[in-house]
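Residue-level structural notes
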Amino acid sequence: MPEVDLEHCLSTALKLARQAGKMIKDAFKKKKNVTCKSSPRDLVTETDTAVEEFLFSELRKVYADHRYIGEESVSLDGEKVELTDDPTWIIDPVDGTMNFVHSFPFICVSIGLTVNKEPVVGVIYNPVLDHMYHARKGCGAFLNNQKISASGETGMHVL
């Protein structure tokens, strides 16, 4: 397999996260068609499946030779999940479906890419709050294009 252009992959994921976020935001305040997957706390909506289908369709146009794992296709279709060394996109189309169903703003679309079973690109977008997180291996993490980092705290003190 040829070398993976991580900058191009990140750019593609950022663009698609915004487009998927628009789909989520458009459906956010509307009545949802909800189905239970494995339990009453494990829900899926028509938006979950539509966003996953959209993302996979668009990614396959650019990266036809990559592999794909999606939360909804795995849980609903029973697809076997096999993480290989091949570049693999991992999607959670509406991360926080329970919040989405109840119109709580703590939801996001999650897009990740692994190569050789290692995470190398990640994009998390909350379209309601317009928070776009992204990271690329070796380049740090960002929130709305501003570099972020861990707090540096090493422990807790009991009062």
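Criteria and cut-off values
Residues numbered from 1 in each chain as written. Predicted model: local features only at pLDDT ≥ 70, side-chain atom pairs only at ≥ 80, totals over all residues. Heavy atoms only, no water. Pairing = 2+ DSSP bridges. Helix = DSSP H or I, 4+ residues; strand = E, 2+ residues; numbered from the N terminus. Axes fitted to C-alpha atoms, helices over the stretch in contact; angles between N-to-C directions. Contact = heavy atoms within 4.5 Å. Buried < 20%, exposed > 50% of the residue type's maximum accessible area, 1.4 Å probe, protein only. Patch = residues over 30% accessible without salt bridge, like charges linked within 9 Å, V, L, I, M, F, W, Y side chains within 5 Å. Areas by Shrake-Rupley, 256 points an atom, 1.4 Å probe, with all protein chains shown as cover. Salt bridge = Lys/Arg side-chain N within 4 Å of Asp/Glu carboxyl O. UniProt positions renumbered as here; feature names shortened; annotations may be inferred. Core = buried A, V, L, I, M, F, W, Y, C linked by side-chain atoms within 4.5 Å. Expected span 1.5 Å × (residues − 1).

1. Points about the sheet that holds strand β8 (residues 140-143)
The strand order across the open sheet formed by seven strands is β3-β4-β5-β6-β7-β8-β9, and the pairing between neighbours is mixed. Only two strands of the sheet have a single neighbouring strand rather than two, namely β3 (67-70) and β9 (146-148). Put simply, the sheet's adjacent strands are angled 20 degrees from each other on average, direction ignored. Most of the contacts of helix α1 (residues 6-28) go to strand β6 (residues 118-126), to which it runs at about 30 degrees, and overall it touches β4 (88-95), β5 (108-115), β6 and β7 (131-136). Packing against the sheet, helix α2 (residues 46-62) makes contact with β3, β4 and β5, and its axis sits at approximately 155 degrees to β4.

2. Side note on the environment of V115
With respect to the helices and strands, the residue V115 is situated in strand β5. Overall, the relative accessible area of 17% leaves V115 in the buried class. It is 9.5 Å that separates the C-alpha atoms of V115 and L83, two residues lying 32 residues apart in sequence.

3. A short note on a nonpolar patch on the surface
Residues F104, F106 and L129 make up a contiguous nonpolar surface patch of roughly 310 Å² in combined accessible area. Residue placement: F104 occurs in the loop between α4 (97-101) and β5.

4. Structural notes on the pattern of salt bridges
Here the structure, examined in full by the defined rule, presents five salt bridges. With its nearest N and O atoms 2.2 Å apart, the salt bridge here joins R136 to E7. Remark: E7 occurs in helix α1 and R136 occurs in strand β7; sequence separation between them is 129 residues. Exposure remark for R136: the relative accessible area of 22% places this residue in the partly exposed category.

5. Describing the UniProt feature "binding site: Mg(2+)" (unreviewed entry) in the protein
UniProt marks E71, D92 and D95 with the feature "binding site: Mg(2+)" (unreviewed entry), using the numbering shown here. Despite a sequence span of 25 residues, these residues sit close together in the fold, their greatest C-alpha distance being 9.4 Å. The topology assignment puts E71 in helix α3 (residues 71-77). Note that D95 resides in strand β4. Once you skip the residues sitting within four places of it in the chain, D95 turns out to touch F106, I107, C108 and S110.

6. Some thoughts on the nonpolar core
Ranked by internal contacts, the top residues of the largest apolar core, which has 32 residues, are L55, W89, V109, I111 and L113. Those elements that provide at least two residues to this core are α1, α2, β4, β5 and β6. Not counting chain neighbours up to four residues away, the residues in contact with W89 comprise C9, A13, L59, Y63, H66, R67, Y68, I69, I111, G112 and L113.

7. Section: the pairing of β8
Across four bridges, β7 lies against β8 in antiparallel orientation. Paired with R136 across the strands is G140, a residue of β8. As consecutive antiparallel partners, β7 and β8 are separated by three residues, and within that stretch G138 has a phi angle of approximately 80 degrees, a positive value.

8. Some details on the pairing of β7
When a strand is regular, its side chains alternate between the sheet's two faces. Note that β6 and β7 share six bridges and pair antiparallel. Directly across from I124, in β7, lies its bridge partner Y133. If you look at the hairpin formed by β6 and β7, you'll find four residues sitting between the two strands, and D130 has a positive phi there, around 55 degrees.

9. Some remarks on α2
With 17 residues, α2 extends 25 Å from end C-alpha to end C-alpha; this agrees with the ideal 24 Å at 1.5 Å per step. When α2 is considered as a whole, its buried residues turn out to be T47, D48, V51, E52, F54, L55, F56 and L59.

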